[in-house]
Amino acid sequence: MRAAVATRYGPPDVVRIAQVDAPTVGEHDVLVKVHATTVNRTDCAYRAAHPFFMRAFTGLRRPRRQILGTELAGVVAAVGPAVTTFAVGDRVFGYNEGAFAFGAHAEYVALPQDGLLAPIPANVGFPEAAAGTEGSHYALSFIRAARVEAGQAVLVYGATGAIGSAAVQLLKSVDATVTAVCDTAHLDLVRRLGADRVVDYTAEDFTRDPRRYHAVFDAVGKSTFGRCRRLLEPGGVYLSSELGPLWQNLYLPLLTRWSRGAKARFPFPHESQEMVRHLARLMQSGQFRPVIDRTYPLAQIVDAYRYVETGRKTGNVVIEVVPG
């Protein structure tokens with residue numbers, strides 16, 4: 001099968017298209033013929049081994065997993081003898097992250113039947129489904145960690161990325177009141193995603209907003225708890241998608257845990273099949289539709305990596321493995 005392979009760490013150019021053996025199908029496994037996948041921040045971080053400590057999990061000198069790709073959508077091509085929840089021909093999508101997982105940047109990938117895999121809703125195509133788990137499962141973790149309830153005010157900084165654009169929609173699905181922060185070019189897009197109020201960060205400093213929020217989600221990791229704490233009501237929560245300067249977002253939750261004022265949290269995503277099925281239900285109902293910026297064929301995946309690393313993408317970058 002064809003796959004995007006990286007045998008060493010480094011820039012996008014370390015990735016090449018090669019012919020490799022298709023994965024074997026274990027007793028409890030589902031083999032998926034991949035129609036679409038994505039290139040995302042997770043793929044970029046693992047490919048470059050940045051930050052460096054990741055090598056403790058991914059391989060000190062060279063990557064243990066040479067085919068990356070966390071998100072996938074496709075058709076079940078084969079199942080193991082003990083599989084009962086999926087059948088050959090089913091349209092499925094899912095998520096497959098971890099030092100010994102990945103593998104979606106290929107024509108076939110094998111996942112356990114109880115892994116992060118779910119049927120694709122009939123009204124959703126392969127590209128949308130492929131872009132439906134990585135950013136959105138982080139956004140969902142933020143929302144659940146902050147215990148957001150209907151009517152509560154939430155600010156999303158970086159509302160046009162994969163995480164931020166998902167967060168706006170998922171927050172509206174629980175009837176939160178959303179203020180979204182983005183640049184001038186994307187104001188209309190963010191309004192279409194459902195934001196109740198939009199702030200243009202190129203025209204005003206969102207941290208000077210006089211309103212107070214139950215939660216502030218920094219979906220791009222470009223602000224800090226110190227800058228955003230004045231936006232929070234007593235007991236309000238700040239969450240970021242990045243570690244922050246000096247990795248402060250790892251220890252600030254400990255320092256603020258018992259505070260009566262603003263708190264910081266750094267939730268680790270709860271990855272389960274329930275999560276993927278929940279996202280499938282939201283896509284089916286129209287409450288969540290992943291934003292797609294660009295689509296590349298598998299042969300041009302290096303160009304996709306380069307574009308993602310510019311930091312200018314809107315939503316998701318999709319890779320078509322089977323031309324649509």
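From a predicted model like this one, the values you see are computed outputs, not experimental measurements.

> Account for the domain arrangement of the protein, naming residues and giving values.
Taken domain by domain, the protein consists of domain 1 (2-132 + 290-320) and domain 2 (135-265). For domain 1 versus domain 2, the distance between C-alpha centres works out to 28 Å. For the domain 1 and domain 2 pair, buried surface summed over both sides reaches about 980 Å², with 46% attributable to carbon and sulfur atoms. When the buried surface of domain 1 facing domain 2 is broken down by residue, R41, V291 and T314 rank first, second and third, together holding 44% of it. Our enumeration of links across domain 1 and domain 2 arrives at one salt bridge. Linking R41 and E242 is a salt bridge whose minimum nitrogen-to-oxygen distance equals 2.2 Å. Here domain 1 and domain 2 share seven residue pairs in polar contact (both at pLDDT 80 or more) between them. Considered class by class, the residues forming the side of domain 1 that touches domain 2 number three nonpolar, five polar and three charged.

> Tell me what's going on with a nonpolar patch on the surface, and back it up with residues and numbers.
On the surface, a nonpolar cluster with roughly 570 Å² of combined accessible area is contributed by F53, F57, W247, L250 and F268. Its location among the elements puts W247 in the loop between strand 12 (232-240) and helix 8 (248-256).

> Residue-level account of the sheet that holds strand 10 (residues 197-200), with values.
The six strands lie next to each other as 10-9-8-11-12-13, forming an open sheet whose pairing is parallel. The sheet is open, and its two borders are formed by strand 10 and strand 13 (263-265), each paired with just one other strand. Averaged over neighbouring strand pairs, the angle between their axes works out to 20 degrees when direction is ignored. Bridge count for strand 12 against strand 13 is three bridges, and the pairing is parallel. Residue pairing in the sheet places V237 in a bridge with K263 of strand 13.

Reading the values: rules and limits
- Residues numbered from 1 in each chain as written.
- Predicted model: local features only at pLDDT ≥ 70, side-chain atom pairs only at ≥ 80, totals over all residues.
- Heavy atoms only, no water.
- Domains from an automatic or database assignment.
- Buried area = accessible area lost by both parts, 1.4 Å probe.
- Salt bridge = Lys/Arg side-chain N within 4 Å of Asp/Glu carboxyl O.
- Polar contact = N/O pair within 3.5 Å; in protein donor to acceptor, adjacent residues only side chain to side chain.
- Nonpolar A, V, L, I, M, F, W, Y, C, P; charged D, E, K, R; others polar.
- Patch = residues over 30% accessible without salt bridge, like charges linked within 9 Å, V, L, I, M, F, W, Y side chains within 5 Å.
- Areas by Shrake-Rupley, 256 points an atom, 1.4 Å probe, with all protein chains shown as cover.
- Helix = DSSP H or I, 4+ residues; strand = E, 2+ residues; numbered from the N terminus.
- Pairing = 2+ DSSP bridges.
- Axes fitted to C-alpha atoms, helices over the stretch in contact; angles between N-to-C directions.

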